[in-house]
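Listed below, chain by chain, are the residues.
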Amino acid sequence: MKRKFHIYLILIPCISVLFSSCAKIELFEKNVAIPGHKWHWNFTPEINFSITDSLSAYDVFVIVRHTEAYEYRNLWLFVSTKLPEDTIFRKERFELLLQSPSGKWLSASNMDDIWEHRLLLFKGIQFKKTGTYRIQLEQNMRDNPLKHIMNAGIRIQKSH
């Protein structure tokens, strides 16, 4: 009897791990390092992700990491998207507010002199097609290169 009980103690956690690994991931995030912390106009990080659930609503965020030395209160970005089976990117310009008029960083968490912003681009959108989507990020500030930007990326999560 003791032996059967020990087998169950081993089997139950193994089975639960196996079934939990089959669950759909409700979150995607990828960040790309900006070479030398100097974002040139011609450096356009591209992020690819797959959508398998075209019925759910998603929130899409831009992730930006910069040092305390970043000089501006905002960041102008071109966000280009390419849907599955499309041949061209669709480009849209966004102004991302990073700092309040009083100088406080918005939507940010920090570690020492590094700040990370998670900025909402789209709330509750549906991806109408399943497949691989592509997003390119291009800085559109007057400075070339734009200094003190460490990473840029995309976060996609199911809306709740």
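Structure: see above.
The structure presented is a predicted model; accordingly, all values stated were derived computationally and were not measured.

### Details of the overall build of the protein
Here comes step 1: Across its full length, the protein carries one helix and 11 strands.
Here comes step 2: What you see in the protein, going N to C, is helices and strands ordered as α-β-β-β-β-β-β-β-β-β-β-β.
Here comes step 3: The buried share of the protein, taken over its 160 residues, is 36%.
Here comes step 4: Taking as baseline every contact in the protein between residues at least 6 positions apart, the subset at least 24 positions apart corresponds to 77%.
Here comes step 5: Accessible area for the protein stands at about 10400 Å²; split by element, carbon and sulfur atoms hold 57% of it.

### So, the pattern of salt bridges
Here comes step 1: The final tally for this structure, using the stated rule, is seven salt bridges.
Here comes step 2: Of the charged contacts in the structure, one is a salt bridge between Arg-155 and Glu-29, with a shortest N-O distance of 2.8 Å. Here Arg-155, found in strand β11 (residues 149-158), pairs with Glu-29, found in strand β1 (residues 27-33); they are 126 residues apart in sequence, far enough to count as distant.
Here comes step 3: Given a relative accessible area of 12%, Arg-155 falls into the buried group.
Here comes step 4: For Arg-65, the salt bridge goes to Glu-116, with nearest N and O atoms at 2.5 Å. Taken together, the residues span a long stretch of sequence, with Arg-65 in strand β4 (residues 58-67) and Glu-116 in strand β8 (residues 114-125) at a distance of 51 residues.

### Concerning the nonpolar core
Here comes step 1: With 31 residues, the main nonpolar core has Trp-39, Leu-75 and Leu-137 as its most contacted residues.
Here comes step 2: Elements with a contribution of two residues or more to this core: β3 (46-51), β4, β5 (74-82), β6 (90-97), β8, β9 (131-139) and β11.
Here comes step 3: With residues up to four places along the chain from it excluded, the contact list for Trp-39 reads Ile-34, Pro-45, Leu-75, Leu-77, Leu-137, Glu-138, Gln-139, Asn-144, Pro-145, Leu-146, Ile-149 and Ala-152.

### Focus on the sheet that holds β6
Here comes step 1: One open sheet holds the four strands; their spatial order is β3-β9-β5-β6, and the pairing between them is antiparallel. Of all the strands in the sheet, just β3 and β6 have a single pairing partner and so form its edges. Taken over all neighbouring pairs, the strand axes of this sheet differ in orientation by 25 degrees on average, direction set aside.
Here comes step 2: In terms of strand pairing, β3 meets β9 through six bridges, oriented antiparallel. By the bridge assignment, Phe-49 is partnered in β9 with Tyr-133.

Cut-offs and rules
Residues numbered from 1 in each chain as written. Predicted model: local features only at pLDDT ≥ 70, side-chain atom pairs only at ≥ 80, totals over all residues. Heavy atoms only, no water. Helix = DSSP H or I, 4+ residues; strand = E, 2+ residues; numbered from the N terminus. Buried < 20%, exposed > 50% of the residue type's maximum accessible area, 1.4 Å probe, protein only. Contact = heavy atoms within 4.5 Å. Areas by Shrake-Rupley, 256 points an atom, 1.4 Å probe, with all protein chains shown as cover. Salt bridge = Lys/Arg side-chain N within 4 Å of Asp/Glu carboxyl O. Core = buried A, V, L, I, M, F, W, Y, C linked by side-chain atoms within 4.5 Å. Pairing = 2+ DSSP bridges. Axes fitted to C-alpha atoms, helices over the stretch in contact; angles between N-to-C directions.

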